[in-house]
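Structural description and commentary
Given next are the chains, with one letter for each unit.
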Amino acid sequence: MKSIVIRQPDELVIEERTLPTPAAGEVRVKVKLAGICGSDSHIYRGHNPFAKYPRVIGHEFFGVIDAVGEGISDARLGERVSVDPVISCGHCYPCSVGKPNVCTSLVVLGVHRDGGFSEYAVVPAKNAWPIPDVIQDKHAVMVEPFTIAANVTGQAKPTPQDVALVYGAGPMGLVTVQALKGVYKVSQVIVVDRITERLAMAEQSGADWAINNADRSLQVELEAKGIKPTLIIDAACHPSILQEAVNLASPAGRIVLMGFSGEPSQVAQQGITGKELTVYSSRLNANKFPVVIDWLEKGLIDPDKLITHVMDYRQVGEAIGVFEKDQKRCCKVLLTFAE
């Protein structure tokens, strides 16, 4: 089989590898589609501190089960599945309180263990979620990105009366906008970014107001309309945003951080305690695959609004280049592995 491998930072190759055999409790997935994420780019460029090389990248993938290991029913053969990349122990403290996404022995497919940018991938059977026939293949491969939004909103528990501010109109910001509007019916969703074309994508995904803060103050824009956001989500992930979010937030507001920067954020405690703000963080997803599959079945979200490019896996180098460099036109790139 062919696999996309990062041998070391900035060295990407397509290798011929032995077809894997699923162990007990595992299934083998014949991959049909996979999505490129920012973390794939970070591993490629050597910017992910958790990655070990060589590594088959890819944690957003969909396919069909074509082999099962011991203890797994043959009835699963032929199942269309989307794969949850989060592998957890199930018994540590985080797992015991419903947060397997921060398991003390966390393994993420495509990061700590070979992932889905391959013609075949072996995964734990419980991580392969059956996809109903009503959900198209190209939507099934988008389940994982939307679980990021499901995790964020599961923490913050949006309501229709919220006024939400989303920093960043990249893929993570856009899936969050769709969840806020389509699932939670939030009354007003504001998106801020510095790329006009990305802001247009945000409006397509349901944003009520898109603000370009490249040359104007977000605070001035909001104050001019008397807006104090009750829910602020940082999907732009810059350390400077936290203090501004604290300044802008309504008393009793909630702030959700999605960033992974190693740089410190400077923030005055007074702003947080004076308004009794709640600050959440969100990483990966905690058992959110069935949640997103339900959203798709009900038509509450529309992955088509995010998919801008579909390319053959043999063009992966070009595909990652488009993802990294064409932020005006590119949102989500899908790689095809099999018809």
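Residues numbered from 1 in each chain as written. Predicted model: local features only at pLDDT ≥ 70, side-chain atom pairs only at ≥ 80, totals over all residues. Heavy atoms only, no water.

Overview of the pattern of salt bridges
Throughout the structure, instances matching the rule amount to 21 salt bridges. For Asp 137, the salt bridge identified is with Arg 80, shortest N-O distance 2.8 Å. With Asp 137 in helix H3 (residues 137–140) and Arg 80 in strand S6 (residues 80–83), this residue pair connects regions lying 57 residues apart in the sequence. The exposure class of Arg 80 is buried, given its relative accessible area of 18%. Through salt bridges that share partners, Arg 7, Glu 11, Glu 15, Arg 17, Arg 55 and Asp 114 make up one connected network. (Salt bridge = Lys/Arg side-chain N within 4 Å of Asp/Glu carboxyl O. Helix = DSSP H or I, 4+ residues; strand = E, 2+ residues; numbered from the N terminus. Buried < 20%, exposed > 50% of the residue type's maximum accessible area, 1.4 Å probe, protein only.)

So, the pairing of strand S5 (residues 60–68)
Each regular strand shows side chains that alternate between the opposite faces of the sheet. In the sheet, strand S3 (residues 26–35) pairs with S5 via 8 bridges, with the strands oriented antiparallel. Pairing of Val 31 across the sheet is with Gly 63, part of S5. (Pairing = 2+ DSSP bridges.)

Comments concerning the packing of aromatic side chains
Within the structure shown, the criterion is met by 2 aromatic pairs. For the pair Phe 50 and Phe 260, a centre-to-centre distance of 5.8 Å together with 90 degrees between the ring planes defines the contact as edge-to-face. Within this pair, whereas Phe 50 is found in the loop between helix H1 (38–44) and strand S4 (55–56), its partner Phe 260 is found in the loop between strand S15 (254–257) and helix H9 (269–275), the two being separated by 210 residues in sequence. For Phe 50, a relative accessible area of 32% gives the class partly exposed. The class for Phe 260 is exposed, based on a relative accessible area of 55%. (Phe/Tyr/Trp six-rings, centres within 6.5 Å; stacked < 30°, edge-to-face > 60°.)

Observations concerning the layout of surface pockets
Estimates place the volume of the largest pocket at around 1600 Å³. Residue lining of the largest pocket: 49 residues in total, with Gly 38, His 42, Met 172, Ala 235 and Cys 237 positioned closest to the centre. Those elements giving two or more residues to the lining of the largest pocket turn out to be H1, helix H4 (143–156), helix H5 (171–183), strand S12 (188–193), helix H8 (241–248) and helix H11 (316–325). A total of 4 residues in the lining of the largest pocket trace back to one element, the largest contributor, which is H1. When grouped by side-chain class, the residues that make up the lining of the largest pocket number 23 nonpolar, 17 polar and 9 charged. (1 Å grid on protein atoms, 1.4 Å probe; cavity = no way out; pocket = protein on both sides within 12 Å on 5 of 7 lines; lining within 4 Å. Points joined across faces, edges and corners; volume = space filled by probe spheres on them. Nonpolar A, V, L, I, M, F, W, Y, C, P; charged D, E, K, R; others polar.)

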